[in-house]
Amino acid sequence: MNPEDFDTGDPIAWCPGCGNFGILNAVKTALAQSGRPPSQILLVSGIGQAAKLPHYVNCNCFNGLHGRALPAAAGAKIANRELTVVVATGDGDCYGEGGNHFIHNIRRNLDITVIVHDNQIYGLTKGQASPTTDQGHITKIQSAGVILEPLRPLELAIAMGASFAARGFSGDTEHLAGLIVKGMSHKGFALIDVLQPCVSFNKVNTYQWYSKRVYKLDSSYNPADRIAAFAKACELGDRIPLGVIYETAKETYEEKSGLDKRPPLVGADILNVDINPALKDFAVTAE
Amino acid sequence: MKNELTIRIAGEAGQGMQTIGAVLCRAFISAGLNVFANQDYMSRIRGGNNFFQLRVCSKPVHAPRRRADIIVALDKASVELHRPALAAGGLLVADAKKYGLAAGTAGFADVPLYALAAQAAGAELFMNSVACGFLTGATCTDFRHAESAIRRAFEGKPAEIISKNIAAAKAGYDFSLQQADCRSFAPGAAGGEALLLDGNGAMALAAIKSGCKFYSAYPMSPSTGLMETMSQYAEQFGIAVEQAEDEIAAVNMAIGASFAGARAMTATSGGGFALMTEGISLAAMTETPVVIADMQRPAPATGFPTRTEQADLDFALHAGHGEFARAVFTPGTPEQAFALTAKAFDTAERYQIPVFILSDQHLAESYRSVRLSDLNMPPVKRYALTGKIAPDYKRYALNDTGISPRALPGLADCVVYADSDEHTEEGHITEDAAVRAAMVRKRFHLKMAALARETEKPQAVGVENADIVLVGFGSTYDVMREAAESARTIKTGFIHLSQVWPFPAQEMEALLKNAKKAVTVENNAAGQLARLIRRETGIKLAGSILKFDGRPFDLEYLVEALETGRLQ
């Protein structure tokens, strides 16, 4: 498969210059490399600019509710573990509205890949602070500047025991596509937080702002060391590392639940379920 | 001699009323009798005061009675708390020594529950089994029925636990034989095999039989029993049962699983149902089948966590933002819960909509002897596309029925787009006015019209020439039925709705237009069903018999209301 095989004719509704274009290209490149046909891939999203992404990719799509991409993705993966499930979500969708699902799906550790378009601002609702907006950032709502501390996704994920936590940059599509491929081949919940400029509403964290700060982790970095990974994840100031910050092998939900030893649930014959063995448990015979 | 008996076992939470209650239910069924048992318990694990009440009869029984013929007090507090519930000529059993009551005083029968337990089984904690044995003897029931029921209840426990419980029960049984005055109950036996089933159990069995393969929920009384049963059979029937982080996740997971092709269900109570409403609207918009059960309990907010109410009727009819087709089933008995859960799965998948089952604590957790022949459902059918799909496939293709072919992603060789935004036939986001109007017609008008043709007909009994017609939905079925049968001074008929949406307006109009007097019977304060009937038929009923104290209707309450004409 080639990235173009994943094109759809659907007109793209993002602003010109949006960081989402880079992420879209990276997703298509990674899907092409996965070797999976479009009918075996499911892209799940919530609501936000990021959540429009599945409409621009030729594969199955479930574009659900704001914040609820992860539970829908989890349900679909449990129902059919043979589907390749990738979630496209944003900093508001995943870390704000869907924060509880984010925490608990790290614990669940299903074999899914979660790409968070993290532009540190709300785009769809026109420029309010997101959970990852820096303190002091002035918006129409936070007119005196944001007073809450930003949520730090990779630190949270590593602390929660996520088995794969990476950071990408929408300005480096090739590197990002590589991270998505790694995330998809990782067995378990793979988080890829993608730094992304919002050209319309975030005048602080611009393409130039990110470009000055990001650097790629090289082969001297060991992503298997959790404590070192946590320290690396904390690096989020003048220098921002890109790459797989943490990766470890961990039992997946599918393995822990025994789903991996069964045919996918969706394949079961539901027309002829015999409940007689269960009825016996409730039966009492008059003696 | 009586052919019917009500037994109440009262005590603190943790004293094992539920365990021996279930043992007694099984023992009586094994002795060929019918049982109805309801539980009244507080939202606590230890202490407080709870009771388990069984009605035993040679004929089928369906509703609780207000007064008990035998009350066993397992603690001192229960003696005076439950004395007012003792029927005339009834027997109140208490342990005089243990509770510090003056032996020989009138008003209770002294049974040394605790001493017998210590003697026979080595510890006072077996006093509940002593009570169980005592009740077996006091009702002239052969001890072997109790023994086999105890063996079954403690199946898998160490042999010593089983033998001690049996020894304690035997001590209670032998003691009862010395109390000849207790032995006034001699019913004819009904015989045959029966299932001991509550509403939750019936729904679980039907869900399994209907091919439910995914069940996600957040524990909430009184829906948790359904989740436990699904979990108990998960491995055996290949069902994923997932405890979600909250009810929002529960419903969205079910929708995701259903989108992928697994039949999916979730259940909760009012508060959790409130959290699910956003997801309900998602199921409607994406046209994803899902079955959602609301086991009602008294609200608002946390309300009475362990008690019963029917106040979510309006809520279920309107839950979810926007306009879309839905079906709301309101079973009244475990048998109906079984049949209608099956119909809910079929309806959800056929129409690609959210379908609701409104149960309540009373139906969900009251046990009855149910005949296997009364558990029925039609053969399960599937309505989804897999395999080779035409290249021009559109998930939301417009047609005359409103129902588009539903391909399952991963199982069909096409790609499927589902969207919570307004969408084109292909499933992509649109802002087009004409497409919007066509999609609303599809999701709402066309589907509702088709659903309305299949609404369960109201069940009407003795309505013609009745002086008064009772009208109810859900769990009031049995109490209406028995009240209609036993009201002596006034000729009573009843109408029961086991589906309230789409509302069977024509049928109800035909049934009600000639009624001399009709009133609703509802476990709520607003008379929600009466309002619904008025809205849908224009008929204003004479009033309502309402109960909103968190307790179910008992037979006497309803009969009294009927005979005194007390309406709200």
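The rules behind these values
Residues numbered from 1 in each chain as written. Chains lettered and ligands numbered in written order. Predicted model: local features only at pLDDT ≥ 70, side-chain atom pairs only at ≥ 80, totals over all residues. Heavy atoms only, no water. Helix = DSSP H or I, 4+ residues; strand = E, 2+ residues; numbered from the N terminus. Rg over C-alpha atoms; globule rule 2.2 N^0.38 Å. Buried < 20%, exposed > 50% of the residue type's maximum accessible area, 1.4 Å probe, protein only. Lys, Arg positive; Asp, Glu negative; His and termini not counted. Charge placed at Lys NZ, Arg CZ, Asp CG, Glu CD. Contact = heavy atoms within 4.5 Å. Polar contact = N/O pair within 3.5 Å; in protein donor to acceptor, adjacent residues only side chain to side chain. Core = buried A, V, L, I, M, F, W, Y, C linked by side-chain atoms within 4.5 Å. Pairing = 2+ DSSP bridges. Axes fitted to C-alpha atoms, helices over the stretch in contact; angles between N-to-C directions. Domains from an automatic or database assignment. Buried area = accessible area lost by both parts, 1.4 Å probe. Salt bridge = Lys/Arg side-chain N within 4 Å of Asp/Glu carboxyl O. Nonpolar A, V, L, I, M, F, W, Y, C, P; charged D, E, K, R; others polar.

Quick look at the overall build of chain A now. Counting its regular elements, chain A contains 10 helices and nine strands. Since a compact globule built from 287 residues should have a radius of gyration of about 19 Å, the 21 Å found for chain A is in line with a globular shape. Counting only C-alpha atoms and orienting by the principal axes, one finds that chain A spans roughly 80 × 45 × 40 Å. Expressed as a percentage of the 287 residues in chain A, the buried residues total 58%. Separation between the mean location of the 26 positive side-chain charges and that of the 29 negative ones in chain A comes to 4 Å.

All right, on to the environment of A:T84 then. Residue and element names in this part refer to chain A. By the secondary structure assignment, T84 is in strand β3 (residues 84-90). A C-alpha to C-alpha distance of 14 Å links T84 and P54, two positions 30 residues apart in sequence. Not counting the four nearest positions on each side in its chain, T84 is found in contact with R36, Q40, I41, L42 and M184. Within the structure, the side chain of T84 is placed 2.8 Å from the side chain of R36, a separation counted as a polar contact.

Here is a general trend for soluble globular proteins: nonpolar side chains tend to be buried in one another's company. Residues and elements named next belong to chain B. By size, the foremost hydrophobic cluster in this structure holds 148 residues, and its most contacted members are M265 and V471. Of all the elements, helix α11 (residues 247-260) adds the most residues to this core, at nine residues. Among residues more than four places away in sequence, those in contact with V471 are M480, I495, L497, M508, L512, A518, V519, T520, V521, L529, I533 and L541. Core analysis: the second largest hydrophobic core is formed by 64 residues, L24, V56, L113 and A169 among them.

Residue and element names in this part refer to chain B. Reading across the sheet, the seven strands line up as β9-β8-β10-β11-β13-β12-β21 and stay open at both edges, with mixed pairing between neighbours. Edge positions in the sheet fall to β9 (240-243) and β21 (499-501), since each of these pairs with one other strand and no more. The sheet shows a mean angle of 20° between the axes of neighbouring strands, taken without regard to direction. Bridging between strand β10 (residues 263-268) and strand β11 (residues 290-296) involves four bridges; their strand directions are parallel. Counterpart to T266 in the pairing with β11 is I292.

A few words now on the domain arrangement of chain B. All names here are of chain B. Under the domain assignment used here, chain B contains domain 1 (4-182), domain 2 (197-374), domain 3 (385-452) and domain 4 (459-564). Of note, the centres of domain 2 and domain 4, computed from C-alpha atoms alone, are 25 Å apart. Of the residues lining the interface, 28 residues belong to domain 2; the matching set on domain 4 comes to 28 residues. Summed over both partners, the interface of domain 2 with domain 4 buries about 2200 Å², with 51% contributed by carbon and sulfur atoms. The interface formed by domain 2 and domain 4 contains two salt bridges. The partner of R531 in a salt bridge is D314, and the shortest N-O contact between them spans 2.6 Å. Summed over the shared surface of domain 2 and domain 4, the number is 17 residue pairs in polar contact (both at pLDDT 80 or more). Of all the secondary-structure elements, those providing two or more residues to the side of domain 2 that touches domain 4 are α13 (313-318), β12 (327-329), α14 (334-351), β13 (354-360) and α15 (361-365). No other element matches the four residues that α13 contributes to the side of domain 2 that touches domain 4. Of the residues assigned to the side of domain 2 that touches domain 4, the class counts are 12 nonpolar, eight polar and eight charged.

Next up on the list: the interface of chain A and chain B. Each side of the interface is counted separately: chain A has 56 residues, and chain B has 75 residues. Between chain A and chain B, the buried area comes to about 5200 Å², and carbon and sulfur atoms account for 60% of it. Of all residues in chain A, A:I270, A:F282 and A:V284 bury the most surface against chain B, accounting for 14% of the area lost on that side. The interface formed by chain A and chain B contains four salt bridges. Across the salt bridge formed by A:R68 and B:E278, the nearest N and O atoms sit 3.1 Å from each other. Across the contact surface, chain A and chain B share 27 residue pairs in polar contact (both at pLDDT 80 or more). Taken together, the elements giving at least two residues each to the side of chain A that touches chain B come down to β2 (60-63), α2 (69-79), α4 (99-108), α10 (276-282) and β9 (283-285) of chain A. For the side of chain A that touches chain B, the element with the highest residue contribution is α2(A), accounting for seven residues. Of the residues belonging to the side of chain A that touches chain B, the class tally is 31 nonpolar, 16 polar and nine charged.

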